[in-house]
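Residues per chain are reported as follows:
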Amino acid sequence: MKLDVIKLDAGKAGSIDLADDIFGLEPRADILHRVVRWQRAKAQAGTHSTLGKSEVSYSTKKIYRQKGTGGARHGSKKAPIFRHGGVYKGPTPRSHAHDLPKKFRALGLKHALSSKAATGNLVVLEAAEMTEAKTAILAKAAKELGWKRVLIIDGADVNENFARAARNIEGIDVLPTMGANVYDILKRDTLVITKAGVEALEARLK
């Protein structure tokens, strides 16, 4: 598929051929859903924790004698049925991450890129470069281009001035090619990829 290339000042900079096996797939929600779930599970902290019967700080003295009280036979105030007692089978720190094959992750990224291309929310930028790190200049350019919630994917390295200028603008995120991921792509309204980014992505996903 062919797409126009623009400059940061909204001027035309020719066109580019995008690989159909990366940008021209029919997006599948089930694939995107699985990859996003894998990403979010991996990022989940899993630090929730409770104290069990053997961990709560309490007296270990037997509450009352075993027989003759007419009540239940209890040996410890740490039992879950008592106030301040341990929690029965409560959550403990653990990793929520699960495995997902590399090929499937790559397929998910292709479908995410294709979904942006299919909806017309994919923009190819000639270069994400600035001579000086001026937030006001970039903010003005983004406003004129109609970018509100946008992810910009550059090549292997991100231009330092551009990254610093974008840092203070709400709704604009900049990532190198290796940082491109399904969740961040789907979360933004517009996906902007530089020409260097397109080449690096196609090399990565071939």
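Residues numbered from 1 in each chain as written. Predicted model: local features only at pLDDT ≥ 70, side-chain atom pairs only at ≥ 80, totals over all residues. Heavy atoms only, no water.

Draft legend 1. Quick look at the overall build of the chain. For the chain, the helix and strand inventory stands at seven helices and six strands. Of the regular secondary structure in the chain, the N- to C-terminal order runs β-β-α-α-α-β-α-β-α-β-α-β-α. Its C-alpha atoms give the chain a radius of gyration of 27 Å, more than 25% over the compact-globule value 17 Å for 206 residues. In the chain, which comprises 206 residues, the proportion classed as buried is 37%. Expressed as a percentage of contacts within the chain between residues at least 6 apart in sequence, the contacts between residues at least 24 apart total 72%. Counting every atom, the chain has about 12,700 Å² of accessible surface; 50% of that belongs to carbon and sulfur. (Helix = DSSP H or I, 4+ residues; strand = E, 2+ residues; numbered from the N terminus. Rg over C-alpha atoms; globule rule 2.2 N^0.38 Å. Buried < 20%, exposed > 50% of the residue type's maximum accessible area, 1.4 Å probe, protein only. Contact = heavy atoms within 4.5 Å. Areas by Shrake-Rupley, 256 points an atom, 1.4 Å probe, with all protein chains shown as cover.)

Draft legend 2. Expanded view of the sheet that holds strand E5 (residues 172–175). The strand order across the open sheet formed by six strands is E2-E1-E3-E6-E4-E5, and the pairing between neighbours is mixed. One side of each edge strand has no neighbouring strand; the edge strands of this open sheet are strand E2 (12–17) and E5. Averaged over all pairs of adjacent strands, the angle between strand axes in this sheet comes to 30°, irrespective of strand direction. Note that strand E4 (residues 150–153) and E5 share four bridges and pair parallel. The residue of E5 that forms the bridge with isoleucine 153 is leucine 175. (Pairing = 2+ DSSP bridges. Axes fitted to C-alpha atoms, helices over the stretch in contact; angles between N-to-C directions.)

Draft legend 3. Up close: unusual backbone geometry. Despite not being glycine, alanine 10 has its phi angle at roughly 75°, a positive value. Topologically, alanine 10 is positioned in the loop between strand E1 (2–6) and E2. Positioned with a positive phi, lysine 89 is a non-glycine residue whose angle comes to about 50°. If you trace the backbone, lysine 89 turns up in the loop between helix H2 (29–43) and helix H3 (102–118).

Draft legend 4. A look at the pattern of salt bridges. Under the definition given, this model contains seven salt bridges. In this structure, arginine 28 engages aspartate 30 in a salt bridge whose closest nitrogen and oxygen atoms are separated by 2.6 Å. In this structure, the salt-bridge partner of arginine 188 is aspartate 184, at a minimum N-O distance of 3.5 Å. Taken together, the shared-partner salt bridges connect Asp173, Asp184, Lys187 and Arg188 into one network. (Salt bridge = Lys/Arg side-chain N within 4 Å of Asp/Glu carboxyl O.)

Draft legend 5. Spatial organisation of the packing of aromatic side chains. Inspection of every chain in the model, using the stated rule, returns zero aromatic pairs. A cation over a ring is seen here: arginine 34 above phenylalanine 104, with NZ or CZ 4.2 Å from the ring centre. (Phe/Tyr/Trp six-rings, centres within 6.5 Å; stacked < 30°, edge-to-face > 60°. Lys NZ or Arg CZ within 6 Å of the ring centre and 35° of its normal.)

Draft legend 6. Quick look at the packing of H2 against H3. One way to put it is that H2 packs onto H3 with a least axis distance of 9 Å and a crossing angle of 120°. As for how H2 packs across H3, the hand of that crossing is left-handed. Here Ile31, Leu32, Arg34, Val35 and Trp38 of H2 lie close against H3, whose contacting residues are Phe104, Arg105, Leu107, Gly108, His111 and Ala112. Here the residues of the contact of H2 with H3 are counted per class, giving seven nonpolar, two polar and two charged. (Left-handed = near helix turned anticlockwise from the far one by under 90°. Nonpolar A, V, L, I, M, F, W, Y, C, P; charged D, E, K, R; others polar.)

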